[in-house]
Amino acid sequence: MNGIEITGLGKALPKTSLKNDALKQYMDTSDEWIRSRTGIESRYLCTGRESLTDLAAEASRKAIEDARIRPEEIGLLICATCTTDYMVPSVACAVQEILKIPGGVPAFDINAACSGFVYGLQLIYALMNSGTVCRSDRKYVLLIGGEQLSKMLDFSERSVSVLFGDGAAAVIVKPSKDKHFFCHTAAEGDRSALYAHTVGRNQITGLSKQGEKLVSPNPLYISEDYAREIMKDGYLKMDGRKVFRFAVRALSSEIDEMERQSGIRAEDVDYIVCHQANLRIIDYVRKQRKLPEEKFFVNLQKYGNTSGASIPLALADMKEKGLLKPGSRIFCIGFGAGLTWGGCYLEF
Ligand code: COA
C-alpha cells in the first residue's frame, strides 16, 4: 500500500443561513467590520431541532452514494468534531446506527478542533497500513468532519460569535497503490488561546435554582463558588490576536513541511485548501510566499469558520465545481484550538 485515496464526498448544512447584517439584531456589529477583518459574509446555523448528528448522517449518506459503495463495505468510522452532541456515544456511533452500517467495526470520534480532518486522515493512513482495520470486504473508511459550533457561541461575545458556523462533510477513503499520501500533525498544549469548558455547558446548566443558590444534581460534584466562576467558560473564548499569529505561523510551516515531504513546490500543486478561518490569515501567508490567489480555494465567505468541517466542506464544494479532476494534487492545511495544526498531500 502506498497511500490513501478519497473516492466519495458529501456535505450537509443547516437550513438557516444568516448574513452578517442579520447578526445586528443580536449584537452591536456590522457587515463592514466582519467582512473587512475576516472575509466572512454569511454562515449556516442550526435552529430548532437541527443537530450535528443529523448533519453528520446526511453528509455521510451522500458520501457513500458518491463513492458508489454499500454501507456493509465500511470497515471504520471516524468523526472529527469538537462539538459532539452526546458525551457518549460518539457521533461516529450515532451515524453508524442511523445509516445502519453493520456492526463489528470500530467507530469513534477525535477532537483536534480545526485540524481534526487532517488528524483523521493521518490516523486512517496509519491504521490501514497496520493491517488491523478495513480487512477483506470492508476496506472503506468513512471520515466525517462535522460541527455545531453554534452550541458554543455566546452572542454577547461579538468578537468570537460572528466568526463561526455549523456544517458537516464526509469522505470515503480507501487504500491506494498508486496515489501518494503524505501527512504531518502537531500540537502545542494551550488552554487559554481558544477554549470552551465542558463543565460550564453540562453540569452548570444542570444546576437547578433554589432562590439565589445554585444546586448541582450531584451535590458532591461541584461547589457553588466554582460553578459561578466557570459558568461563562462553557462558551467559546478566544485571544484573537494570539490565535492570528499562531495561525499564520502554522499555515506557513505546514506548507514548507508538505513541500519537503512530497517534493512538490506549493506553486506546482493544483490547490492549497486551508482551514477556512479567516481570509486575512490566508492572504497574509499567500502574499508572504508570493503565491497567486487562484492557488487557494476559499469558501469561508458563505460558511464562516466551521472548524473540523471546514476542509472537507471545501473539498466537497471543489468537487461540485468540477475542480477536483483525476490527477489533481492538493495540500490541505489545518490549524486551530489545542493548539493543533497539520498538513497533508492528497492525490485525486
Ligand atoms: N463587530 C464590531 N466590532 C467588533 C466586533 C464585531 N463583531 N468584534 C470586536 N469588535 C471591536 C472590538 O470591541 C474593538 O473595539 P475597540 O477598539 O473599541 O476596543 C475593535 O473592534 C477592534 O477589535 P480587535 O480585536 O482589535 O480587532 P482585530 O483587528 O484584532 O480583529 C479578529 C479581531 C478576531 C478578527 C482577529 O483577531 C482574528 O482574525 N483572529 C484570528 C481568529 C481566528 O481565525 N480564530 C480561529 C482560528 S481556528
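All residue numbers refer to positions counted from 1 along the written sequence of the respective chain. Reporting of local features is limited, given that this is a predicted model, to residues whose pLDDT is at least 70; pairs of side-chain atoms are given and counted only at 80 or more, and all residues count toward the totals for whole chains, interfaces and linings. The basis for every side-chain value is the complete set of non-hydrogen atoms in the structure, without hydrogens or water.

A. Expanded view of the sheet that holds strand E13 (residues 271-274). Pairing between strands is defined by DSSP: at least two bridges between the two strands are required. Comment: elements are numbered from the N terminus, with helices defined as DSSP H or I runs of at least four residues and strands as E runs of at least two. Pairing is mixed in the open sheet, where four strands are placed in the order E8-E15-E14-E13. Edge strands, defined here as strands with exactly one partner in the open sheet, are strand E8 (182-190) and E13. On average, each strand axis in the sheet is inclined to that of its neighbour by 10°, with strand direction left out of account. In terms of strand pairing, E13 meets strand E14 (residues 329-336) through four bridges, oriented parallel. Axes here mean lines fitted to C-alpha atoms, for a helix over just the part in contact, with angles spanning 0 to 180 degrees between N-to-C directions.

B. Representation of the nonpolar core within the structure. Within the largest apolar cluster, 45 residues are counted, with the highest numbers of intra-cluster contacts made by Leu251, Ile272, Phe331 and Phe335. Secondary-structure elements contributing two or more residues to this core are helix H8 (240-262), E13, helix H9 (279-288), E14 and strand E15 (338-347). Counting residues per element, this core draws most heavily on H8, which supplies eight residues. Among residues more than four places away in sequence, those in contact with Ile272 are Ile255, Ala266, Leu291, Lys295, Phe296, Phe297, Phe331 and Ile333. What is meant by a nonpolar core is a set of buried Ala, Val, Leu, Ile, Met, Phe, Trp, Tyr and Cys residues, joined one to another through side-chain atoms within 4.5 Å. Exposure is judged per residue with a 1.4 Å probe applied to protein chains only, and the accessible area is read against the type maximum: over 50% gives exposed, under 20% gives buried, and values in between give partly exposed. Judged by nonpolar contacts, the second largest core, of 34 residues, contains Ala80, Phe117, Tyr271 and Leu324. Every residue pair with non-hydrogen atoms within 4.5 Å of one another is taken to be in contact.

C. Representation of the pairing of E14 within the structure. Taking burial as the measure, the eight residues of E14 include seven buried ones, the bulk of the element. Judged from the eight bridges that link them, E14 and E15 form a sheet pairing that is antiparallel. In the sheet register, Ile330 faces E15, and the bridge partner there is Leu346. Joining the antiparallel neighbours E14 and E15 is a turn of one residue.

D. Geometry of the packing of H8 against H9. At a closest axis distance of 9 Å, the pairing of H8 and H9 adopts a crossing angle of 45°. For the element pair H8 / H9, the angle class is oblique. For H8 against H9, the interelement crossing comes out right-handed. In this structure, H8 uses Phe244, Ala247, Val248, Leu251, Ser252 and Ile255 to contact H9, whose residues at the interface are Arg280, Ile281, Ile282, Tyr284, Val285 and Gln288. For the contact of H8 with H9, the residue count by class is nine nonpolar, two polar and one charged. Every angle not falling under 35 degrees, over 145, or within 65 to 115 is termed oblique; those three ranges are roughly parallel, roughly antiparallel and roughly perpendicular. Crossing handedness is read from the near helix: turned anticlockwise from the far helix by less than a right angle, it gives a left-handed crossing, and turned clockwise, a right-handed one. Here the nonpolar group is Ala, Val, Leu, Ile, Met, Phe, Trp, Tyr, Cys and Pro; Asp, Glu, Lys and Arg are the charged ones; every other residue, Gly included, is treated as polar.

E. Here's a closer look at the packing of aromatic side chains. Pairing of aromatic side chains here covers Phe, Tyr and the six-membered ring of Trp, requires ring centres within 6.5 Å, and sorts the geometry by plane angle: under 30 degrees stacked, over 60 edge-to-face, intermediate tilted. Throughout the structure, instances matching the rule amount to seven aromatic pairs. Ring centres 5.1 Å apart and planes at 50° place the aromatic pair Tyr125 and Phe181 in the tilted group. Here Tyr125, found in helix H4 (residues 116-130), pairs with Phe181, found in the loop between strand E7 (166-176) and E8; they are 56 residues apart in sequence, far enough to count as distant. You can call Tyr125 partly exposed: its relative accessible area is 24%. Grouping aromatic residues by their ring pairs yields a cluster made of Phe182, Phe331 and Tyr345.

F. The arrangement of the pattern of salt bridges in detail. By convention in these notes, a salt bridge is any Lys or Arg side-chain nitrogen within 4 Å of a carboxyl oxygen on Asp or Glu. Summed over the entire model, instances satisfying the criterion amount to 20 salt bridges. Of the charged contacts, one joins Lys11 and Asp317 as a salt bridge, the two residues approaching to 2.6 Å between their closest N and O atoms. Taken together, the residues Lys11 in strand E1 (residues 3-12) and Asp317 in helix H11 (residues 310-320) connect sequence positions 306 residues apart. With respect to class, Lys11 is no different from Asp317; both count as buried. Residue Asp31 pairs with Arg35 through a salt bridge whose shortest N-O separation is 3.1 Å. With a gap of four residues between them, Asp31 and Arg35 both fall in helix H1 (residues 31-38), about one helical turn apart.

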